[in-house]
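Structural overview
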Amino acid sequence: DLYGISYGSKLALSAMRDFPDSIRATIIASPLPLEANPFLDQTVGFDSALKHLWQACAADAVCAADNPDPASAFIAATQRLADEPMTLSIPDPVTGYVFELAIDDFQFLQLMYLGVFVGQVTPVLPYLVTSVAEGDDTILQLMGPIFLITGNLSLGSLFTYFCQDEVPFSPEAETNAAEAKVDL
């Protein structure tokens, strides 16, 4: 029996295709089609979501006044964190133990990626990028608990399935066309 969610559904579909006699039953939730290329789709989707977010900020008088160029601030914040990560101090609400979490450019991009899909967080993102670009970690400290909830995806985990399952099978022309659409 197989159960697959999201990317796991793609693995379940592959197993069903490759080993149909070995599987009695399969449940897939949030299926990712076999022909989908999440490596490219997520990159293009994230870039599109950020562009929409920057446009929405520009259309809001308060957001635009506080964050005159969030797209440039995003690049500056990412570079700042690549050069010098910020350390968050996150108290566990149950035990009181304080976790120290260094946020570099990769974790920041992960937080932003998650943030564009969480409606309650999305309006804060222009303020987050502007503050981090300016060296202020106040908003980042407030958003830190998101990392405890999501498990802080590692590069190893990311590369395990992208490099093994996606990158070798991504046609170069498709990759180049997707890259041309992205400003990140």
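Reading the values: rules and limits
Residues numbered from 1 in each chain as written. Predicted model: local features only at pLDDT ≥ 70, side-chain atom pairs only at ≥ 80, totals over all residues. Heavy atoms only, no water. Helix = DSSP H or I, 4+ residues; strand = E, 2+ residues; numbered from the N terminus. Buried < 20%, exposed > 50% of the residue type's maximum accessible area, 1.4 Å probe, protein only. Areas by Shrake-Rupley, 256 points an atom, 1.4 Å probe, with all protein chains shown as cover. Disulfide = S-S within 2.5 Å. Expected span 1.5 Å × (residues − 1). Arc of directions from axis to C-beta. pLDDT = per-residue confidence, 0-100. Polar contact = N/O pair within 3.5 Å; in protein donor to acceptor, adjacent residues only side chain to side chain. Phe/Tyr/Trp six-rings, centres within 6.5 Å; stacked < 30°, edge-to-face > 60°.

**Section: the overall build of the protein**
Check the secondary structure of the protein and you find ten helices and four strands. Each helix (α) and strand (β) of the protein, taken in turn from the N terminus, gives the series β-α-β-α-α-α-β-β-α-α-α-α-α-α. Within the protein, the proportion of its 184 residues that are buried is 32%. For the protein, the accessible area works out to roughly 10,800 Å², and carbon and sulfur atoms hold 60% of it.

**Considerations on the state of the cysteines**
This model, assessed by the stated rule, comprises one disulfide. Cys57 shares a disulfide with Cys63; S-S distance 2.1 Å. Where Cys57 bonds to Cys63 through sulfur, the torsion about that S-S bond is close to -100°, and the disulfide is left-handed. Accessibility assignment for this pair places Cys57 and Cys63 in one class, buried.

**Points about helix H4 (residues 70–83)**
Between its terminal C-alpha atoms H4 stretches 19 Å, which fits the 20 Å expected from 14 residues at 1.5 Å a residue. What H4 keeps buried is the set Pro70, Ala73, Phe74, Ala77, Thr78 and Leu81. Considered in projection along H4, the buried side chains sweep an arc of 135° and stay on one side of the axis.

**A few points about the confidence of the model for the protein**
Any segment with low pLDDT has predicted coordinates that should not be analysed in fine detail. Chain-level statistics for the protein give a pLDDT mean of 83 and a share of 83% at 70 or above. Per-element confidence in the protein ranges from a low mean pLDDT of 53 for helix H9 (residues 155–166) to a high of 98 for helix H3 (residues 61–66).

**Let's talk about the side chain of Thr130**
Its place among the elements puts Thr130 in helix H6 (residues 125–133). According to the relative accessible area criterion, Thr130 is buried, its value standing at 10%. Looking at Thr130, its side chain comes within polar contact range of the side chain of Asn67, at 2.7 Å. Among the polar contacts listed, one links the side chain of Thr130 to the backbone oxygen of Pro126, at a separation of 3.0 Å.

**Digging into the packing of aromatic side chains**
Counting across every chain of the model gives five aromatic pairs. Each residue in the set Phe46, Trp54, Phe74, Phe108 and Tyr113 is aromatic and connected to the rest through ring pairs, giving one cluster.

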